[in-house]
Amino acid sequence: MDSALGIFGSQSWLRPAGIGAASAHDLTVAMAIGLGVVFVVVMALIALAWRADTAPRGWWIWSGGVIVPLGAILLILLGSTMALLAMTRAHDDALVIDVTGHQFWWDIVYDPEGAAVRDANELVLPKDRPVTLRLHAEDVIHSFWVPSISGKMDMVPGRTNILTLTATRTGLFRGQCAEFCGVGHPRMAFEVRVLDPGAFDDWLEQTGGEARKAARPDLQDGREVFETAGCAACHEIRGVAEGARMGPDLTRIGARRSLGAGMWRMSQGALAGWIADARAMKPGAQMPGYTQLSGPDLRAVSAYLASLK
Ligand code: HEC
Ligand SMILES: [Cu+2]
């Protein structure tokens, strides 16, 4: 089976796609250049001192030893760091998205006080619009990080941390939990899709409603397996079984590119493998294996989930 690592495009801040990542990038480049200049100047001064035969005057010591390092360099660095921090604070007109870290997946609710559209394991963002992420954790500390777009922020149980970001380039990016949270931690990733604002609105509207109806008899069988095998104790499919939150929302599972929080390329085969034995595909996954399902039942339920787009 195809591992999904690396199919989600960029996870690099060297080609930034968000305001936070761009300023971190610019600050790093400016620091590297600035420190290069300081290095050359200091080396030149040492060479001069080596050749001079009188001791340096007080003025040299005050300016080179105190004023330049403290005043110029530290203040500039402090100022730009503060400006960067200010960018991560909340905006009034921003789109609000609740993101909750679970072992080892992501629950996502768009516009929680309005349309409240729930999805999981992929984050879709409108280009050039500020977004306020309200970060929560269900069980242990996780950390939200999309290196191409923004700096990271911890997700702490019982707290709400705010991260404001603005994506500036459409495309596919990769996010990753950045705080060790248990065995499944390295496999707690997600995909980030940045869409043009119009496409984002369409996507949100389409994602909001109930799940697509099971159109064929085999898909209806699959829905029945979902309802009778106990899946609905942990998973929601809007319009079929609602309210369970222990596992990712599956209303649009077939539309995700990846399965298992950014781990495997989505396909009916991967879904069947996952349902039969999730822990074989993702050590530590908090979902029981369903080896007892008959072959036809497993096929039907995975075909049904794949059809939910
Ligand atoms: C005890 C709760 C529980 C039950 C019961 C359960 N699951 Fe899960 N399921 C989870 C959890 C938790 C995850 C997330 C695991 C992870 O990614 O670490 C998950 C993940 C999944 C995923 C991947 C979702 C994604 O976004 O990639 C699918 C598909 C899935 N379950 C299908 C099923 C089906 C079908 C059944 C019934 C046959 C079922 N589950 C029963 C808890 C459960
Ligand atoms: Cu985590």
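This one's a predicted model, so the numbers in the text were calculated from it and none came from an experiment. (Residues numbered from 1 in each chain as written. Chains lettered and ligands numbered in written order. Predicted model: local features only at pLDDT ≥ 70, side-chain atom pairs only at ≥ 80, totals over all residues. Heavy atoms only, no water.)

### So, the coordination of the iron atom of ligand 1
Binding of the iron atom of ligand 1 to the protein goes through His235 (NE2) and Met287 (SD), at separations of 1.9 to 2.1 Å. The coordination sphere of the iron atom of ligand 1 comprises 6 donor atoms, whose angles at the metal cover 86 to 178°; the geometry is octahedral. One end of the pair, His235, is in the loop between helix H4 (217-228) and strand E11 (258-259); the other, Met287, is in the loop between helix H6 (278-281) and helix H7 (295-306), and 52 residues separate them in sequence. On the basis of relative accessibility, which here comes to 16%, the residue Met287 falls in the buried class. (Donors = N, O, S within 2.8 Å, 3.2 Å for Na, K, Ca; no water. Tetrahedral: all angles 85-135°; square planar, octahedral: opposite > 155°, others 65-115°. Helix = DSSP H or I, 4+ residues; strand = E, 2+ residues; numbered from the N terminus. Buried < 20%, exposed > 50% of the residue type's maximum accessible area, 1.4 Å probe, protein only.)

### Let's talk about the pairing of strand E4 (residues 122-126)
When a strand is regular, its side chains alternate between the sheet's two faces. Burial analysis of E4 places 5 of its 5 residues in the buried class, which makes it a mostly covered element. Alternating residues of E4 divide into Glu122, Val124 and Pro126 and Leu123 and Leu125, and every residue in both groups is buried. Here E4 runs beside strand E10 (residues 189-195); their pairing, made up of 5 bridges, is parallel. For Glu122, the partnering residue across the bridge sits in E10 and is Glu191. (Pairing = 2+ DSSP bridges.)

### Considering the packing of helix H5 (residues 268-276) against H7
Where H5 meets H7, the closest approach of the two axes is 9 Å, and the angle between their N-to-C directions is 125°. The angle between H5 and H7 falls in the class oblique. Relative to H7, H5 is oriented so that their crossing is right-handed. Along its contact with H5, which presents Gln268, Leu271, Ala272, Ile275 and Ala276, the element H7 presents Leu298, Arg299, Val301, Ser302, Ala303, Leu305 and Ala306. Taken together, the residues of the contact of H5 with H7 sort by class into 9 nonpolar, 2 polar and 1 charged. (Axes fitted to C-alpha atoms, helices over the stretch in contact; angles between N-to-C directions. Parallel < 35°, antiparallel > 145°, perpendicular 65-115°, else oblique. Left-handed = near helix turned anticlockwise from the far one by under 90°. Contact = heavy atoms within 4.5 Å. Nonpolar A, V, L, I, M, F, W, Y, C, P; charged D, E, K, R; others polar.)

### Quick look at the pattern of salt bridges
Should the charged atoms of two oppositely charged side chains come close, the side chains can pair. For the structure shown, the criterion picks out 13 salt bridges. We note a salt bridge from Asp98 to Arg134, for which the minimum N-O separation is 2.8 Å. On the criterion of sequence distance, the pair formed by Asp98 in strand E1 (residues 95-102) and Arg134 in strand E5 (residues 131-137) is long-range, its members being 36 residues apart. For Asp98, a relative accessible area of 13% gives the class buried. Three or more residues are tied together by salt bridges with common partners; here these are Glu122, Glu191, Arg193 and Arg257. (Salt bridge = Lys/Arg side-chain N within 4 Å of Asp/Glu carboxyl O.)

### Brief notes about the coordination of the copper ion (ligand 2)
Perfect tetrahedral coordination of a metal by four donors corresponds to 109.5 degrees between them, and perfect octahedral coordination by six donors corresponds to 90 or 180 degrees. Protein coordination at the copper ion (ligand 2): the donors are His142 (ND1), Cys177 (SG), Cys181 (SG) and Met188 (SD), at 2.1 to 2.5 Å from the metal. Here the copper ion (ligand 2) binds 4 donor atoms, and the angle range of 93 to 124° at the metal identifies the geometry as tetrahedral. As a motif over one chain, the donors of the copper ion (ligand 2) read H-x34-C-x3-C-x6-M. With respect to class, Cys177 is no different from Cys181; both count as buried.

### Topic: the domain arrangement of the chain
The domains assigned to the chain are domain 1 (19-87), domain 2 (95-196) and domain 3 (217-306). Each of domain 1 and domain 3 was reduced to a C-alpha centroid, and the two centroids are 57 Å apart. (Domains from an automatic or database assignment.)

### Let's talk about the side chain of Asp98
Only 2.8 Å separates the side chain of Asp98 from the side chain of Arg134, close enough to count as a polar contact. For Asp98, the side chain forms a polar contact with the side chain of His136, separated by 3.0 Å. Not counting the four nearest positions on each side in its chain, Asp98 is found in contact with Asp107, Ile108, Val109, Pro112, Arg134 and His136. (Polar contact = N/O pair within 3.5 Å; in protein donor to acceptor, adjacent residues only side chain to side chain.)

### As for the nonpolar core
Judged by nonpolar contacts, the single largest core of 37 residues is most densely connected at Ile97, Trp106, Tyr110, Leu125, Phe144 and Ile149. Where this core is concerned, the elements lending two or more residues are E1, strand E2 (105-110), strand E3 (117-120), E4, E5, strand E8 (161-165), E10 and helix H3 (197-208). If you look at the next biggest cluster of nonpolar residues, it comprises 33 residues, including Ile237, Ala270, Tyr290 and Leu293. (Core = buried A, V, L, I, M, F, W, Y, C linked by side-chain atoms within 4.5 Å.)

### Things to note about the confidence of the model for the chain
This prediction gives the chain a mean pLDDT of 89; 95% of its residues lie at or above 70. Predicted confidence for residues 1-6 stays below pLDDT 50, and this span has 13 contacts to residues more than four positions away or in other chains. (pLDDT = per-residue confidence, 0-100.)

### A look at the packing of aromatic side chains
The full count for this structure, using the stated rule, is 6 aromatic pairs. Taking the centre distance of 4.6 Å and the plane angle of 55° together, the rings of Trp106 and Phe190 count as tilted. One end of the pair, Trp106, is in strand E2; the other, Phe190, is in strand E10, and 84 residues separate them in sequence. Looking at Trp106, the relative accessible area reads 1%, which means it is buried. The class of Phe190 is buried, set by a relative accessible area of 1%. By way of ring pairs, the aromatic residues Trp106, Phe144 and Phe190 are connected into one cluster. The positively charged end of Lys152 is found above the aromatic ring belonging to Trp145, 4.5 Å away from the centroid. (Phe/Tyr/Trp six-rings, centres within 6.5 Å; stacked < 30°, edge-to-face > 60°. Lys NZ or Arg CZ within 6 Å of the ring centre and 35° of its normal.)

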